Amino acid sequence: MYAVQYIAVIIILALMVYVLGKYGRKELEWQDLVFWEALLLIMLIVSLKPVEISLTIKNILGLGRGLDALFVVSIGLSYLLLFRLYIAIDKAEREITELTRQIAIEFQEIKEMLEKLERD
Amino acid sequence: MDIQLVVFDLDGTLVGASMGFDEVKERLRGRLEKEGISAELIGDLTPMYETLIEISRATGIDFEYLHSFLVELEAERAKDSYLFEGSRELLELLKENGVKIALMTRSSRKATEYVLKKHGIEKFFDLIVTRDDVSPEDVKPNSGHLKVILDHFDVSPTKTIVVGDHGYDLLPARELGCLSVLITSNESGRMSFKVDGDANFEVATIKEALELFKRLLKTYVVVPAYNEEKTISNVLESLLQYFRRDEIVVVNDGSNDGTREVAREKGVVVLTHLVNRGLGGALGTGIKYALLKGAELILTFDADGQHLVDDALRVMKPVAEGRADFAVGSRLKGDISEMPFVKRFGNFVLDFITAVFARKYVSDSQSGLRCFNKECASKIRITCDRYAVSSEIIIEASRNGCRIVEVPIKAVYTEYSKKKGTNVLEGVKIAFNLLLDKMR
């Protein structure tokens with residue numbers, strides 16, 4: 001094993017524990033937990049057997065060198081992550097809209113109530 | 001809507017009678033012939049009252065004498081008159097809402113009073129103007145008849161609705177700029193000839209008119225506005241001609257200019273988004289507020305001055321009449337000579353995308369002038385915050401089984417409004433958003 005593999009394995013294991021901890025503190029939904037742990041597990045396997053896996057991918061996809069194939073796959077994975085990020089931001093945006101909407105309507109209702117009180 | 005005065009026609013609108021006007025006419029002809037008046041002078045007796053005046057002038061016979069024949073026949077006809085189903089309920093609804101009610105009829109005062117008493121509806125009327133109360137040259141279809149009524153109440157014509165079953169009611173309404181409702185299929189009591197005229201709203205019976213008024217009395221206008229201080233004042237001014245202050249809902253979408261202050265000055269409802277959320281966010285807020293207030297109809301109107309308030313009434317028409325659940329003002333069906341080419345192309349692309357997702361083709365999916373009824377508005381779930389909302393609304397309406405109608409309108413493209421709104425880049429974003437929607 002190369003030194004970089006040891007570093008990768010340590011980082012990935014730490015991340016796995018971190019994600020589990022987040023779930024334990026209820027900061028993550030279980031679907032998210034499964035997604036992240038699965039992703040980290042794949043990365044762990046890749047970092048343990050990088051050469052074999054990259055050669056396998058190379059053979060399947062027919063891409064130049066083994067390492068190139070690995071890059072291609074990781075770029076693909078990061079797009080997947082980007083997509084998830086987009087969805088998450090979109091959800092947050094909607095929540096902000098809902099919040100803004102609620103505040104706008106409630107302010108108006110308070111105003112109407114005050115005006116009514118003034119009139120009575 | 002800001003309805004302050006409703007002017008009703010009597011015969012064929014509120015009441016019917018088994019004796020038709022054709023029969024009245026034939027009996028009047030017989031009576032006149034008995035008096036020795038030539039058939040040439042009598043002609044086809046259309047319209048009867050005016051013909052009597054002419055005969056009196058030509059022959060020197062006292063008009064009151066000739067007129068008494070007609071009054072007699074009218075009184076006889078009034079005896080077997082009946083109130084249409086829904087007439088009383090409509091009058092009650094208007095009274096409950098504090099609307100003034102007037103009667104404008106070509107009938108004689110004697111027959112009118114008799115009919116009103118017979119059916120116990122005289123108490124509803126604040127003013128009764130029969131043909132005997134105005135000079136012959138003022139009797140409707142001349143506008144003098146209606147003018148007397150408007151002057152009496154000192155109400156603006158745009159806040160007045162004339163309800164009748166005949167072109168004779170529509171002509172003075174149009175001339176003075178009042179709104180009009182035409183009752184199209186009350187056969188009994190209708191005058192014996194037709195005059196064409198376009199009404200703002202058309203319903204088959206007075207019973208349907210009751211539903212129409214219920215909707216009109218609770219119509220809200222949602223005006224999404226982001227940095228529109230230059231145009232919003234005029235837009236609100238034009239809307240105030242027809243709508244009440246508490247029915248106009250400006251959604252100030254986090255503007256950083258004086259939009260909020262300008263709108264507040266007009267006394268309309270102003271909902272303020274603390275941060276800018278985009279067109280979809282603003283429309284959603286306005287619609288939610290209107291539904292909370294019990295709106296029956298919700299109109300959306302752009303704040304940049306590209307819509308005409310007359311077009312808004314046209315878009316409202318099918319929904320108010322109950323023929324559709326959702327109407328969209330189509331700039332492409334109307335006059336597009338002023339629409340810049342880039343916009344026309346951008347709209348085409350968006351229409352195509354919308355049609356794919358909605359499985360229904362709407363020729364102008366990006367129009368900001370729309371009208372929903374309560375049922376349709378509460379079914380629509382707005383998730384797109386930005387401009388994609390225009391497509392989303394149509395897609396949602398179509399999927400929820402709302403009856404969608406397109407109404408041709410004219411868009412006014414000022415230099416100012418050209419810079420705003422959808423462009424081709426927005427179009428790509430909308431397409432992407434709609435695709436994502438499929439995956440959520």
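Just so you know, these numbers come straight off a predicted model, no measurement behind them.

## Considering the overall build of chain B
Here is step 1: Looking only at helices and strands, one finds 18 helices and 15 strands in chain B.
Here is step 2: For chain B, the residues scored as buried account for 59% of the 440 residues in total.
Here is step 3: Taken as a whole, chain B presents about 17,800 Å² of accessible surface, with 51% of it coming from carbon and sulfur.

## Digging into the environment of B:Phe348
Here is step 1: Take B:Phe348: it is sitting in helix H14 (residues 341–358).
Here is step 2: In this structure, the C-alpha to C-alpha distance between B:Phe348 and B:Ser365, residues 17 residues apart in sequence, is 8.8 Å.

## Points about unusual backbone geometry
Backbone phi values are negative for most residues with the exception of glycine, while trans is the configuration of most peptide bonds.
Residue and element names in this part refer to chain B.
Here is step 1: Geometrically, the link from Lys140 to Pro141 is a cis peptide bond, its omega value of 15° lying close to zero.
Here is step 2: With respect to the helices and strands, Pro141 occurs in the loop between strand E5 (127–129) and helix H7 (144–153).
Here is step 3: With a phi angle near 55°, Asp154 is a residue other than glycine that sits in the positive phi range.
Here is step 4: Position of Asp154 relative to the elements: it lies in the loop between H7 and strand E6 (160–164).
Here is step 5: Positive phi values are uncommon outside glycine, yet Asn227 reaches one of about 50°.
Here is step 6: Mapped onto the fold, Asn227 is located in the loop between strand E9 (219–225) and helix H10 (232–240).

## Some details on the packing of H7(B) against helix H8 (residues 167–176) of chain B
All names here are of chain B.
Here is step 1: For the pair H7 and H8, interaxial distance at closest approach is 9 Å and the crossing angle is 55°. Between H7 and H8, the angle falls in the class oblique. Taken as a pair, H7 and H8 cross one another with a handedness that is right-handed. In contact with Leu146, Lys147 and Leu150 of H7, H8 contributes Pro172, Ala173 and Leu176.
Here is step 2: Here the residues of the contact of H7 with H8 are counted per class, giving 5 nonpolar, no polar and 1 charged.

## A word on the sheet that holds strand E10 (residues 248–253) of chain B
Within a beta sheet, neighbouring strands are joined by backbone hydrogen bonds and run either parallel or antiparallel to one another.
All names here are of chain B.
Here is step 1: Strand order in the open sheet made by the 7 strands is E11-E10-E9-E12-E14-E13-E15, with mixed pairing throughout. At either margin of the open sheet sits one strand with a lone partner, and together these are strand E11 (269–273) and strand E15 (404–408). Neighbour-to-neighbour, the strand axes of this sheet turn through a mean angle of 20°, independent of strand direction.
Here is step 2: Strand direction decides the pairing type here: E9 and strand E12 (residues 297–300), joined by 4 bridges, are parallel. The partner of Tyr220 across the bridge, within E12, is Ile298.
Here is step 3: Contacts between helix H12 (residues 278–292) and the sheet are confined to E9, E10, E11, E12 and strand E14 (370–373), with E10 contributing the most and set at about 145° to the helix.

## Concerning the pairing of E12(B)
Residue and element names in this part refer to chain B.
Here is step 1: Here E12 shows no split at all, with Leu297 and Leu299 on one side and Ile298 and Thr300 on the other all buried.
Here is step 2: In this sheet, E14 lies alongside E12 in antiparallel orientation, the contact comprising 4 bridges. The residue of E14 that forms the bridge with Thr300 is Arg370.

## A few points about the confidence of the model for chain B
Residues and elements named next belong to chain B.
Here is step 1: Taken residue by residue, chain B gives an average pLDDT of 84. The fraction at 70 or more is 88%.
Here is step 2: Mean pLDDT in chain B bottoms out at helix H17 (residues 415–418), which sits at 51, and peaks at E12, which reaches 95.
Here is step 3: Predicted as a complex, the structure gets a pTM of 0.80 and an ipTM equal to 0.76.

## A word on the interface of chain A and chain B
Here is step 1: Taken together, the contacts link 18 residues of chain A with 26 residues of chain B.
Here is step 2: Here chain A meets chain B over a buried area of about 1,800 Å², counting both sides, of which 55% is carbon and sulfur.
Here is step 3: In terms of surface lost to chain B, no three residues of chain A exceed A:Arg94, A:Arg101 and A:Ile105, which account for 29% of the buried area on that side.
Here is step 4: Between A:Glu112 and B:Lys293 there is a salt bridge whose closest N-O contact spans 2.5 Å.
Here is step 5: Seen at the junction of chain A and chain B, the total is 7 residue pairs in polar contact (both at pLDDT 80 or more).

## Considering the nonpolar core
Residues and elements named next belong to chain B.
Here is step 1: Core analysis: the largest hydrophobic core is formed by 67 residues, its most contacted members being Phe8, Phe125, Phe213 and Met316.
Here is step 2: The element contributing the most residues to this core is helix H13 (residues 309–320), with 7 residues.
Here is step 3: With sequence-adjacent residues up to four places away left out, Phe213 is seen in contact with Ile3, Val6, Leu90, Leu93, Leu94, Ile161, Val163 and Val181.

## Here's the deal with the packing of aromatic side chains
Here is step 1: Scanning all chains against the criterion turns up 5 aromatic pairs over all chains.
Here is step 2: Each ring, one from B:Tyr65 and one from B:Phe69, has its centre 5.0 Å from the other, and the planes form 70°; the classification is edge-to-face. Of this pair, B:Tyr65 and B:Phe69 both sit in helix H4 (residues 63–79), 4 residues apart, which is roughly one turn of the helix.
Here is step 3: Plain terms: the ring middles of B:Phe326 and B:Phe372 are 5.1 Å apart, the flat faces sit at 25° to each other, and that makes the pair stacked. Linking B:Phe326 in strand E13 (residues 326–330) with B:Phe372 in strand E14, this pair joins segments that are 46 residues apart in sequence.
Here is step 4: On the accessibility criterion, B:Phe372 (1% relative accessible area) is buried.
Here is step 5: The ring of A:Phe35 is capped by A:Arg84, whose NZ or CZ atom sits 4.0 Å from the centre of that ring.

## Considerations on the pattern of salt bridges
Here is step 1: Enumeration over the complete set of coordinates arrives at 31 salt bridges over all chains.
Here is step 2: Across the pair B:Arg109 and B:Glu113 runs a salt bridge, and its minimum N-O distance is 2.7 Å. Of the two residues, B:Arg109 and B:Glu113 are both situated in helix H6 (residues 109–118); the distance of 4 residues between them amounts to about one turn of the helix.
Here is step 3: For B:Arg109, a relative accessible area of 26% puts it in the partly exposed group.
Here is step 4: The salt bridge involving B:Glu321 is made with B:Lys317; its shortest N-O contact spans 3.7 Å. Accessibility classification places B:Glu321 together with B:Lys317 in one group, the buried group.
Here is step 5: Each of the salt bridges in this network shares a partner with another, and the network as a whole consists of A:Glu98, A:Arg101 and B:Lys288.

Conventions adopted
- Residues numbered from 1 in each chain as written.
- Chains lettered and ligands numbered in written order.
- Predicted model: local features only at pLDDT ≥ 70, side-chain atom pairs only at ≥ 80, totals over all residues.
- Heavy atoms only, no water.
- Helix = DSSP H or I, 4+ residues; strand = E, 2+ residues; numbered from the N terminus.
- Buried < 20%, exposed > 50% of the residue type's maximum accessible area, 1.4 Å probe, protein only.
- Areas by Shrake-Rupley, 256 points an atom, 1.4 Å probe, with all protein chains shown as cover.
- Axes fitted to C-alpha atoms, helices over the stretch in contact; angles between N-to-C directions.
- Parallel < 35°, antiparallel > 145°, perpendicular 65-115°, else oblique.
- Left-handed = near helix turned anticlockwise from the far one by under 90°.
- Contact = heavy atoms within 4.5 Å.
- Nonpolar A, V, L, I, M, F, W, Y, C, P; charged D, E, K, R; others polar.
- Pairing = 2+ DSSP bridges.
- pLDDT = per-residue confidence, 0-100.
- Buried area = accessible area lost by both parts, 1.4 Å probe.
- Salt bridge = Lys/Arg side-chain N within 4 Å of Asp/Glu carboxyl O.
- Polar contact = N/O pair within 3.5 Å; in protein donor to acceptor, adjacent residues only side chain to side chain.
- Core = buried A, V, L, I, M, F, W, Y, C linked by side-chain atoms within 4.5 Å.
- Phe/Tyr/Trp six-rings, centres within 6.5 Å; stacked < 30°, edge-to-face > 60°.
- Lys NZ or Arg CZ within 6 Å of the ring centre and 35° of its normal.

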